[in-house]
Amino acid sequence: MLYALLCYHDEDVVCAWSKDQDAAVMAKLAVIQEKLAKQGRLGPVARLLPTTAATTLRKEDPPLVLDGPYAETKEQLLGFDIVDCANLDEALAVARELGEANPGGSYEIRPVGTFRPGGALT
């Protein structure tokens, strides 16, 4: 089963890290991601740019495009890893390992269904 491990953190805190602090966190995460890749369990990994670079599409009539995010939250989605795990316990173990490398914030663990055009959601 594929799981999305969604990394949330206070963007102001992360953006205040020095280049060396950021590089140290990314290096720790890379060790875990390389291990998962060698096991054939790592899918896409993405680090999102700050929410100040976001654009929001409001599904109104007519649709409205707005600059910036409009989430009412203290933590922002900063990135995600897709991992192949046998079950939720295994996905939680990977999220814990990533969390140890990434100070603060939280991880949301969500099963991923895949959709192939012309096929069913699996």
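Here the structure is shown first, and the text comes after it.
Residues numbered from 1 in each chain as written. Predicted model: local features only at pLDDT ≥ 70, side-chain atom pairs only at ≥ 80, totals over all residues. Heavy atoms only, no water.

Right, let's get into the sheet that holds strand β1 (residues 2–9). The antiparallel open sheet is built from four strands, whose spatial order is β2-β5-β1-β6. Looking at the sheet topology across the chains shown, the edges are occupied by β2 (42–47) and β6 (106–111). For this sheet the average axis-to-axis angle between neighbouring strands, irrespective of direction, equals 20°. Relative to strand β5 (residues 76–84), β1 runs antiparallel, the two sharing eight bridges. By the bridge assignment, Tyr8 is partnered in β5 with Leu77. Contacting β2, β5 and β6, helix α2 (residues 19–38) runs over the sheet at an angle of about 165° to β2. (Pairing = 2+ DSSP bridges. Helix = DSSP H or I, 4+ residues; strand = E, 2+ residues; numbered from the N terminus. Axes fitted to C-alpha atoms, helices over the stretch in contact; angles between N-to-C directions. Contact = heavy atoms within 4.5 Å.)

A few words now on helix α3 (residues 88–101). Taking 1.5 Å as the rise per residue, α3 with 14 residues should run 20 Å; its terminal C-alpha atoms sit 20 Å apart, in good agreement. Along α3, the residues classified as buried are Ala91, Val94, Ala95, Leu98 and Ala101. Each buried residue of α3 sits inside an arc of 115° when the element is viewed along its axis, so together they form one side. Projecting away from the buried face of α3 at angles above 90 degrees are the exposed residues Asp89, Arg96 and Glu100. Buried residues along α3 sit in contact with β1, α2, β5 and β6. (Expected span 1.5 Å × (residues − 1). Buried < 20%, exposed > 50% of the residue type's maximum accessible area, 1.4 Å probe, protein only. Arc of directions from axis to C-beta.)

Bringing α2 into the picture now. The end-to-end C-alpha distance of α2, which contains 20 residues, comes to 28 Å, matching closely the 28 Å that a straight helix rising 1.5 Å per residue would cover. Those residues of α2 that fall on the buried side of the exposure criterion are Asp22, Val25, Leu29, Ile32, Gln33 and Leu36. The arc enclosing the buried residues of α2, seen along the axis, measures out at 100°, which places them on a common side. Turned more than 90 degrees from where α2 packs its buried face, Lys19, Asp20, Val31 and Lys38 sit exposed.

With that settled, the discussion passes to the environment of Ala91. If you trace the backbone, Ala91 turns up in helix α3. A sequence separation of 89 residues divides Ala91 from Leu2, and the C-alpha atoms of the two residues are 8.9 Å apart. Those residues in contact with Ala91, other than ones at most four positions away along the chain, are Tyr3, Leu5, Cys85 and Ile109.

Here the residue pair Asp61 and Pro62 is connected by a cis peptide bond, since its omega of 5° sits within 30 degrees of zero. Tracing the sequence through the fold places Pro62 in the loop between β3 (55–58) and β4 (64–67).

Let us look at the pairing of β1. Within β1, six of the eight residues are buried, which leaves the element mostly enclosed by the surrounding structure. Pairing of β1 with β6 involves six bridges; the strand directions are antiparallel. Bridge assignment links Leu6 to a residue of β6, and that residue is Glu108.

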